[in-house]
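Chain residues, written in single-letter form:
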Amino acid sequence: MQFSAELREAVLAGDITVSFRLWARPQVKPGGHYRVGSGLIEVDAIELVPFAALTPDDVRAAGEPDRESLRRRAAHAGPIADDTPLYRIEFHPVDTER
């Protein structure tokens, strides 16, 4: 999975644990490992949800200060209305030191 350079450190530290993607179809699967910068994450779950269903906890877990910031970040692939379905991806960093 691709993350903006300014988010990668927080993703690998486990501070960001959710991402929202505007995809036509899933690009990751639960249990899959994906490179993020110099580290790896493992996807725990993926589900399709409308933007309006995002909670304040989702916004915080995605590392965004508010819903509109999250909407702008996810909208690089197209506009996002409240009823636009997004993939909600839960993940955790993988310890590669073992």
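A short tour of the structure in this document, coming up. Given the structure is predicted, the values throughout are model-derived calculations rather than measurements.

### Regarding the pattern of salt bridges
Part 1 of the argument: Throughout the structure, instances matching the rule amount to 7 salt bridges.
Part 2 of the argument: Put simply, Glu64 and Arg73 hold a salt bridge, and the shortest N to O gap is 2.3 Å.
Part 3 of the argument: Using a relative accessible area of 10% as the deciding quantity, one classes Glu64 as buried.
Part 4 of the argument: Residue Arg73 is classed as partly exposed on the basis of its relative accessible area, which comes to 31%.
Part 5 of the argument: For Arg71, the salt bridge identified is with Glu68, shortest N-O distance 3.0 Å. One end of the pair is Arg71 and the other is Glu68, both in helix α3 (residues 67-74) and 3 residues apart, which spans about a single turn.

### Points about the nonpolar core
Part 1 of the argument: Counting 13 residues, the largest nonpolar core has Met1, Phe3, Val11, Ile41, Ile89 and Phe91 as its most contacted members.
Part 2 of the argument: Contributions of two or more residues to this core are made by α1 (5-13), β2 (33-36), β3 (39-50) and β4 (85-94).
Part 3 of the argument: The element contributing the most residues to this core is β4, with 3 residues.
Part 4 of the argument: Residues contacting Phe91, with those up to four places away along its chain left out, are Phe3, Val11, Ile16, Thr17, Val18, Ser19, Ile41, Glu42, Val43 and Asp44.
Part 5 of the argument: Among the nonpolar cores identified, the runner-up in size contains 12 residues, and Val49, Phe51, Leu70 and Leu86 belong to it.

Reading the values: the criteria
- Residues numbered from 1 in each chain as written.
- Predicted model: local features only at pLDDT ≥ 70, side-chain atom pairs only at ≥ 80, totals over all residues.
- Heavy atoms only, no water.
- Salt bridge = Lys/Arg side-chain N within 4 Å of Asp/Glu carboxyl O.
- Buried < 20%, exposed > 50% of the residue type's maximum accessible area, 1.4 Å probe, protein only.
- Helix = DSSP H or I, 4+ residues; strand = E, 2+ residues; numbered from the N terminus.
- Core = buried A, V, L, I, M, F, W, Y, C linked by side-chain atoms within 4.5 Å.
- Contact = heavy atoms within 4.5 Å.

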